[in-house]
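Structural overview
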Amino acid sequence: YEFDADVKAGKTHAVAKGKFDKPFDMARLNLRLDVQGDNLAHLYYLTNLALPFTPPYKVAGDLSTSERRVTVKGLKGVVGKSDINGDVVVDLKGKRPTLTAQLKSHSLNLADLSPAFGKGVTKDADDRTADNKAPAALPPTKLLPTYEFEFDRLKVMDANVTLHADSVQTVQAPFTGVDIKVVLNDSVLELNPLVFTLPQGKIDGAIHIDARKKPAAEKVDLRLTNVDLNQFKGKTGATGPLGGNLEARAQLTGAGNSVHDFAASANG
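Residues numbered from 1 in each chain as written. Predicted model: local features only at pLDDT ≥ 70, side-chain atom pairs only at ≥ 80, totals over all residues. Heavy atoms only, no water.

1. Section: the overall build of the protein
To keep it simple, the criterion reads: Strands are runs of DSSP state E lasting at least 2 residues, helices are runs of H or I lasting at least 4, and numbering of each runs from the N terminus. Two things to know: the radius of gyration comes from C-alpha atoms, and the globule rule equals 2.2 Å times the number of residues to the power 0.38. Accessible area is worked out with a 1.4 Å probe on protein chains only. A residue is then buried under 20% of its type maximum, exposed over 50%, and partly exposed in between. Whether two residues are in contact is decided by their heavy atoms, any of which lying within 4.5 Å being enough. For the accessible areas, the method is Shrake-Rupley and the probe is 1.4 Å, while residue cover comes only from the protein chains on display. Charge assignment: positive for Lys and Arg, negative for Asp and Glu; neither His nor the chain ends contribute. The atom standing in for a charge is NZ when the residue is Lys, CZ when it is Arg, CG when it is Asp and CD when it is Glu.
The helix and strand tally for the protein stands at two helices and 15 strands. Computed over the C-alpha atoms, the radius of gyration of the protein is 20 Å, within 12% of the 18 Å expected from 2.2 N^0.38 for a compact globule of 268 residues. Expressed along its principal axes, the backbone C-alpha trace of the protein runs to roughly 70 × 40 × 40 Å. The buried share of the protein, reckoned over its 268 residues, is 39%. Nonlocal contacts in the protein, meaning residues at least 24 apart in sequence, comprise 42% of its contacts between residues at least 6 apart. Accessible surface computed for the protein: about 15400 Å², of which carbon and sulfur atoms make up 56%. For the protein, the distance from the average position of its 34 positive side-chain charges to the average position of its 32 negative side-chain charges is 1 Å.

The following block contains the structure:
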């Protein structure tokens, strides 16, 4: 039983072409899905999944449902200036939906990750459906984002997501690869490991956010290993302003619903 669907909600636009195994049996269907919008976080209102803030995106994949499970195979598209591909599964059998995803990017633009840390996303003031709680652009007078996250959204789901980038687009640091694993369980969010690979050395660590507390409690453990400072060159100079090999570690604890508030309260 074939069908076509075209759904619009503000700037989110989804087009589907598929079939039901049985008439009007929404529990079992197969379709080709194309979705685009200005921010993945806006899908929360359609799916009840707490997705991160992002730049405009356009993705497509083969979606199927069976036995309280939604699977998207061959997900492929772009988020901001980054390509993205992989598989996604949403399991609906537990107390909360569990999202599992293995994602890869051949070329990741590091700036596309900044909205997820509260640095800001583009918003249209005339769009009534826009997420008014999304972070605005970071003012030039601020070093760290002051946007306060709505951590209550983390209560609605669990997640286990990995992201690997083969190469990285960035101006300020010569990263050659990124590996991130995100685990969300009962309002506790872990980014572990969080690895940024350099031509010579790496930055790796873990971030722990306990959103059950008000405000959220955070722990950060970051390491710089065998980082050759000569690779950080200026825009005009042939060599970096500093030389030598850097080894460092930061272990911090703090509280706050924004990066700014965490930094302001941090000890370690």
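Still more ground to cover, so stick around.
2. Brief notes about the packing of aromatic side chains
The criterion, for reference: Any Phe, Tyr or Trp ring, taking Trp's six-membered ring, that has another such ring centre within 6.5 Å forms a pair; planes under 30 degrees apart are called stacked, those over 60 apart edge-to-face, and the others tilted. A ring is scored as having a charge over it whenever the NZ atom of a lysine or the CZ atom of an arginine sits within 6 Å of its centre and within 35 degrees of its normal.
Following the criterion strictly, the structure yields seven aromatic pairs and no others. Look at Tyr-147 and Phe-149: their rings are 5.0 Å apart centre to centre, the planes differ by 90°, and that puts the pair in the edge-to-face class. Comparing Tyr-147 with Phe-149, the two get one shared label, buried. Above the plane of the ring of Tyr-44 lies Arg-153, whose end atom (NZ or CZ) is 4.4 Å from the centre.

3. Section: the confidence of the model for the protein
Formally: For every residue, the pLDDT score states the predictor's confidence, bounded by 0 at the bottom and 100 at the top.
Across the protein, pLDDT averages 90, with 92% of residues at or above 70. Within the model, the stretch residues 122-132 combines pLDDT values under 50 with 14 contacts to residues more than four positions away or in other chains.

4. Describing the pattern of salt bridges
The test is simple: We count a salt bridge whenever a side-chain nitrogen from Lys or Arg sits within 4 Å of a carboxyl oxygen from Asp or Glu.
Applying the stated criterion to the full structure yields eleven salt bridges. In this structure, Arg-96 engages Asp-186 in a salt bridge whose closest nitrogen and oxygen atoms are separated by 3.9 Å. With Arg-96 in the loop between β6 (82-91) and β7 (98-105) and Asp-186 in the loop between β11 (177-185) and β12 (188-197), the pair connects residues that are 90 residues apart, well separated along the chain. Residue Arg-96 is classed as buried on the basis of its relative accessible area of 18%.

5. Quick word on unusual backbone geometry
At the junction of Asn-192 and Pro-193, the peptide bond is cis and its omega measures out at 5° in the coordinates. Its place among the elements puts Pro-193 in strand β12. Here the residue pair Lys-214 and Pro-215 is connected by a cis peptide bond, since its omega of -5° sits within 30 degrees of zero. Its identity is not glycine, yet Asn-48 carries a phi of approximately 65°, on the positive side. Tracing the backbone through its elements, the reader meets Asn-48 in the loop between α1 (44-47) and β4 (57-65).

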